[in-house]
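Spelled out, the chains give:
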Amino acid sequence: MARLLIAVDGSPPSLHALEYGASLAAKLGVGVLLLHAMPRVVLPLGGMTPASLAELLHTQEAEGKRLLAALADKAHPHGVEVETELGVGDAAAVIAERAEAADIQMVVMGSRGQGAVARLLLGSVATQVVHTAAKPVVVVR
């Protein structure tokens, strides 16, 4: 089944992207894949015990799944089939890589609305995805 990949992080811009993407998917008669990318855990210099690292990773995964479940509930009223996926790593890379799948027709994501200087110095996930994804990308403001 053809789907729109909607990248979400719980921020207001990603909620706008979710609404836009779910509405568009309904009009196009396609499904939705909600993708949340979690950053890799960077260990502090002192390190962590294996048990505390496992607990941190479990907590991070549980929070990501909770976020995706809540956001899936927001997409269901549009009458589209919704699947969720939790990725790990650099958000732009996770999104662009997942967008390569044959079933993904388009990426929809929010814009943080950074100024030109901040975008130049820091870059943005949306900017990186626009330049690296193999599929069309819609950035919602």
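Look a little higher up for the structure.
Keep in mind that this is a model prediction, so the values were computed, not measured.

Draft legend 1. Representation of the pairing of strand β4 (residues 104-110). Taken across its 7 residues, β4 has 6 buried, putting it largely inside the fold. In terms of strand pairing, strand β1 (residues 3-7) meets β4 through 4 bridges, oriented parallel. Bridge pairing in β4 places Arg3 opposite Ile104.

Draft legend 2. Seen up close, the environment of Ala7. Checked against the element boundaries, Ala7 lands in strand β1. For Ala7, a relative accessible area of 7% gives the class buried. Apart from the residues within four sequence positions on either side, Ala7 is in contact with Ser14, Leu35, Ile95, Val108 and Met109.

Draft legend 3. Structural detail: the sheet that holds strand β5 (residues 137-140). The 5 strands are arranged β3-β2-β1-β4-β5 in an open sheet whose pairing can be described as parallel. Each edge of the sheet is formed by a strand with only one pairing partner; in this case those strands are β3 (82-88) and β5. Shown here is a sheet whose adjacent strand axes are inclined to one another by a mean of 25°, direction ignored. With 4 bridges connecting them, β4 and β5 associate as parallel partners. The residue bridging Val107 from the neighbouring strand is Val137, located in β5. The sheet strands contacting helix α5 (residues 125-132) are β4 and β5, and the helix crosses β4 at an angle near 160°.

Procedures and definitions
- Residues numbered from 1 in each chain as written.
- Predicted model: local features only at pLDDT ≥ 70, side-chain atom pairs only at ≥ 80, totals over all residues.
- Heavy atoms only, no water.
- Buried < 20%, exposed > 50% of the residue type's maximum accessible area, 1.4 Å probe, protein only.
- Helix = DSSP H or I, 4+ residues; strand = E, 2+ residues; numbered from the N terminus.
- Pairing = 2+ DSSP bridges.
- Contact = heavy atoms within 4.5 Å.
- Axes fitted to C-alpha atoms, helices over the stretch in contact; angles between N-to-C directions.

Interpretation note: all reported values are geometric properties and have no functional meaning in isolation.
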